[in-house]
Amino acid sequence: MLIGIDDTDSPQGMCTTYLGAVLARRLIHEGMRIHEARLVRLNPNVTFKTRGNAAIALDVAGDSDHAFAIACAIVEELADFSCENTNPGVVVVDTRPDPAFYTKAVTDFCRIDEAIELLRAAGALYHGYKNKRGLIGATAAVASVLEDRTSEILVYRQTEHWGTPREVDRQSLFDAEKATFPHTWDTVDTANDVVVCVPHTPDPVLFGIRGENPSWVMVARQMVQSEKPGIEQIWVTNQGTDAHILAGRIGEILEGLSYRVQGVVVEAPSTTKGGHVSFTISEGDHSLWCMAYEPTKNFRQIVRQLVPDDVVIVVGSFKKGSINLEKIKIVELATPVSSRPPICPPCNKRMTSDGTGKGWKCKKCGIHAKEPELQKISRTLKPGWFEVPPTARRHLAKPLCRGEPDF
Ligand code: ATP
């Protein structure tokens, strides 16, 4: 069977993955076998999300009714029902529902009644608490088919430590990254000298290591020194896979969805108050505004080097009328030129303007020239892919260390 759970946490605490890890242990205690523990991230632009729009699914061998009863009991015991925005969903199915529901949940918006319809058709056992919204994520998790997958080991805190400052040895995290990158990523952000894998929210997670497979995340995990941890769970995930990205065209993209879009830079980027960098690209008569926000740090230096006529592919979510950049491909660099008055050949002196549209004239000998001197402006920017640093990376964004996108 597949057990799906979502929407159990609040900004004040809990985490659906922790609840899933506790559930896995109780099911094992009841004699059941866990084939896989899966963590899926869904549309990152869903406004109801608490943090990273995560949902979990466990692939379990055992009695469905018993497992459903245990799952509901754990949700009732651990979910933060006090928060208005916590609306847990629990789902148990014997066969995977249509994966199209997962695809929609990761790329688009779903309705609660769509999830319920699918669950009814699949003969699922399900319980939607309060407004039942958690059934969307829980159904998406059990419906998910992952074409690309990565691993994350989540190390949770002992319950008595929850809410207190986390103790994780900083140097051991940098050492773990150094020893295992690019097979693991986003443990730390070396360029910005920041630890990325330790949350600051009051949830049960101590730290998480992301990587290509369970072996690599374990190598890194074993190097990390910290306060005495509680339980640990390795998850199969869709993180770092670009599962949220759709192919889009300027003029045809929808608010709240995430895209890759090709276009031509219209004007040089400008930096607005707060250090955010914006520019516009176009295709035909349509244009699209793109943003590299201040938290994307050094990535903005790449964006600032764009000039009109550069051809780019921008990747990110379309929110409030602009693409929020996660990465960019410089497809083709324009060759900008600067023009200045030509030099008078006999006098070897620079000429001066002879009036608008009238060319240039040498002040000394009076000779005329029609064409200015054109000079190619050299570019340091090179074609290729560029991405935001680990501190600014979204859970679903595929890091370039996993290979360049093939679009
Ligand atoms: P948690 O750890 O509890 O899962 P979170 O940050 O992942 O925290 P949730 O609290 O789960 O966020 O809130 C997200 C809510 O949005 C859930 O109720 C989920 O079912 C719902 N949801 C997820 N994806 C979509 C979608 N594509 N369309 C509509 N609702 C969605």
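Here the structure is a predicted model, which is why all the values come from computation and not from measurement.

J.: Please give an account of the side chain of S317 that cites residues and values.
T.: Here S317 lies in strand β17 (residues 311-319). For S317, a relative accessible area of 0% translates into the label buried. Side-chain polar atoms of S317 contact the side chain of S258, separated by 2.7 Å. Polar side-chain contacts of S317 include one of 2.5 Å to the side chain of R394. Among residues more than four places away in sequence, those in contact with S317 are P44, N45, L257, S258, S322, I323, N324, E326 and R394.

J.: Explain the environment of N43 to me, using residue names and the numbers behind them.
T.: Here N43 is to be found in the loop between β2 (33-41) and β3 (54-61). When the C-alpha positions of N43 and L125 are compared, they lie 25 Å apart, and in sequence the two are 82 residues distant. Once residues within four sequence positions are removed from consideration, N43 is found in contact with N53, A105, V106, T107, D108, F109 and G256. Among the polar contacts listed, one links the side chain of N43 to the backbone nitrogen of N45, at a separation of 2.8 Å.

J.: Can you break down the nonpolar core residue by residue, with the values?
T.: Taken as a class, soluble globular proteins show a tendency for nonpolar side chains to be buried jointly. Core analysis: the largest hydrophobic core is formed by 34 residues, its most contacted members being I3, I5, L23, L27, L58 and W235. Of all elements in the fold, only β1 (2-6), α1 (16-29), β2, β3, α2 (64-78), β4 (89-93) and β6 (150-157) reach the threshold of two or more residues within this core. Shared between two domains, this core takes at least three residues from each, and those domains are domain 1 (2-143) and domain 2 (150-237). Each residue touching L23, except ones within four places of it in the same chain, is listed here: I3, I5, L58, I70, A71 and I74.

J.: Break down the packing of aromatic side chains for me, citing the residues and quoting the values.
T.: A complete count under the given rule lists four aromatic pairs for this structure. Ring geometry for Y18 against W162: centres 5.1 Å apart, planes inclined by 85 degrees, an arrangement best described as edge-to-face. With Y18 in helix α1 and W162 in the loop between β6 and α6 (170-180), this residue pair connects regions lying 144 residues apart in the sequence. The buried category is assigned to Y18, whose relative accessible area is 9%. Of the residues examined, W162 reaches a relative accessible area of 27% and is grouped as partly exposed. Seen from their ring centres, W385 and F407 are 5.7 Å apart, and the 85 degrees between their planes marks the pair as edge-to-face. Linking W385 in strand β26 (residues 384-387) with F407 in the segment after β26, this pair joins segments that are 22 residues apart in sequence. Assessed through its relative accessible area of 23%, F407 is described here as partly exposed. Here the basic side chain of R133 rests over the ring of F48, its NZ or CZ set 3.4 Å away from the ring centre.

What counts, and where the lines are drawn
- Residues numbered from 1 in each chain as written.
- Predicted model: local features only at pLDDT ≥ 70, side-chain atom pairs only at ≥ 80, totals over all residues.
- Heavy atoms only, no water.
- Helix = DSSP H or I, 4+ residues; strand = E, 2+ residues; numbered from the N terminus.
- Buried < 20%, exposed > 50% of the residue type's maximum accessible area, 1.4 Å probe, protein only.
- Polar contact = N/O pair within 3.5 Å; in protein donor to acceptor, adjacent residues only side chain to side chain.
- Contact = heavy atoms within 4.5 Å.
- Core = buried A, V, L, I, M, F, W, Y, C linked by side-chain atoms within 4.5 Å.
- Domains from an automatic or database assignment.
- Phe/Tyr/Trp six-rings, centres within 6.5 Å; stacked < 30°, edge-to-face > 60°.
- Lys NZ or Arg CZ within 6 Å of the ring centre and 35° of its normal.

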